[in-house]
Amino acid sequence: MTTGKVEPQEVAGRPVIRVGAPTERRNPLSVDLDLMSTRDVLSVINDADRRVPAAVAAVLDQIATTVDLAVTALRGGRRVHYFGAGTSGRLGVLDVAELAPTFNSPRDWFCAHLAGGADAMWRAVENAEDDARAGAAEAAECVRTGDVVVGLAASGRTPYVLGALAASRARGAATVLLCANPEAEAAGSVDVFIGVDTGPEVVTGSTRMKAGTAQKLVLNTFSTAVMVRLGRVYSNLMIDMVATNAKLRGRMISILMEATGCSEEICRRALHEADGDLKTALVSLVSGAGVPAARAALARSSHQVRGAIALLAS
């Protein structure tokens, strides 16, 4: 069994690290990949991808623990941070970027930190992921006691990420490592370890494939569950969305119709009277109260729709 242990070396005077993580192993099912037909290449990739949801299902307990930590932190005025490099870091940025328009979450709730900075979203920044000091310095600058810090590293050994996690833990933050290496040595140095067993990639070492898909699924699952627990969803409807275009404004009306059973005309009128505030219109229609009373109930219930409706019912 390999543990993911690395051995420092040099080639042409430049540092080299050979990583023994499962993501770097050769996949026996794809050794003839370059000899296959196009259809067979696609079939091999698709068959490998089918393994990912099951691998994510195996770590749901750890994801649930992370969700509870994040909910507690956010309710206490703290933040959730993602620290990652390469594909892993870009997926963290993507997840954070989608939360505000989908759930109208405050922009400082979730913070994404990418090794190499903004330029690394579009191109590889040489040696950025190898800089543990940069990760530690960035964490020391912005992480506070009570925050939740999620490290994203396919191999589970990225120095930038581990540096950030160590500095965050020293500052009193809860730390989580999400990787595709169940054998990662860093598992014992974090509060929650999420090691998704996706196995070797179809293209050896290309962690943008199964490992990246697994991280996307985990981040989607994690952040969506956090928003549900914080009342940003009513039933299975996104009631805190930001309507930035005509399609989304139409979706607001559809959501009101689904949630209340009222006609389109009534929902349009309620939304207009609520100045476009979907939650206020929803509470008003469900409770039968006027818009001012609905707004007041939402304020008293920390903007929880079910809580506001319960207050008006009592």
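Placed above this text is the structure.
Every residue gets a number counted from 1 within its own chain, in the order that chain's sequence is written. Thresholds applied to this predicted model are a pLDDT of at least 70 for local features of residues and 80 or more for the giving and counting of side-chain atom pairs; totals over whole chains, interfaces and linings are not thresholded and use all residues. Only hydrogens and water are removed before side-chain values are computed, so all heavy atoms of the structure are retained for them.

> Tell me about unusual backbone geometry, and name the residues and values.
One non-glycine residue, Asp-275, lies in the positive phi region at around 55°. The secondary structure listing takes helices from DSSP runs of H or I that are at least 4 residues long and strands from runs of E that are at least 2 residues long, numbered from the N terminus. In this fold, Asp-275 is placed in the loop between helix H9 (264-273) and helix H10 (278-287). Phi at His-303 is positive, roughly 65°, even though this residue is not glycine.

> How would you explain the nonpolar core if you had to name every residue and give the values?
Proteins that are soluble and globular tend to have nonpolar side chains buried together. We call a set of buried residues a nonpolar core when its members are Ala, Val, Leu, Ile, Met, Phe, Trp, Tyr or Cys and they connect through side-chain atoms within 4.5 Å of each other. Partly exposed residues are those whose accessible area sits between 20% and 50% of the maximum for their type, while under 20% is buried and over 50% is exposed, using a 1.4 Å probe and protein chains only. By size, the foremost hydrophobic cluster in this structure holds 35 residues, and its most contacted members are Tyr-82, Phe-110, Val-196, Phe-222 and Val-226. When residues of this core are traced back to their parent elements, those giving at least two are helix H2 (51-57), helix H3 (60-75), strand E3 (80-84), helix H4 (86-103), strand E5 (148-152), strand E6 (174-179), strand E7 (192-195) and helix H7 (210-229).

> Account for H7, with residues named and values stated.
How far a helix is expected to stretch is found by multiplying one less than its residue total by 1.5 Å. Counted at 1.5 Å a residue, the expected span for H7 with its 20 residues is 28 Å, and the 28 Å between its end C-alpha atoms agrees. Of all the positions in H7, only Lys-210, Ala-211, Gly-212, Ala-214, Gln-215, Val-218, Leu-219, Phe-222, Ser-223, Val-226 and Met-227 are classed as buried. Looking one or two places after H7, you find Gly-231, whose phi comes out positive at around 80°.

> Got a sec to walk through the packing of aromatic side chains? Specific residues and values, please.
Working definition: rings of Phe, Tyr and Trp (its six-membered ring) pair if their centres are within 6.5 Å, and the pair is stacked with planes under 30 degrees apart, edge-to-face with planes over 60 apart, and tilted otherwise. Taken as a whole, this structure holds four aromatic pairs when the rule is applied. Summarising the aromatic geometry, the rings of Tyr-82 and Phe-222 are spaced 6.4 Å apart at their centres and angled 55° between planes, so their arrangement reads as tilted. In this pair, Tyr-82 is assigned in strand E3 and Phe-222 in helix H7, connecting sequence segments 140 residues apart. Like Tyr-82, the residue Phe-222 is buried in the burial classification. Here the aromatic rings of Phe-83 and Tyr-160 are separated by 6.2 Å at their centres, their planes lie at 50°, and the arrangement is tilted. You can see Phe-83 sitting in strand E3 and its partner Tyr-160 sitting in helix H6 (residues 159-170), a full 77 residues away along the chain. On the accessibility criterion, Tyr-160 (2% relative accessible area) is buried. Pairwise contacts between aromatic rings join Tyr-82, Phe-110 and Phe-222 into one cluster.

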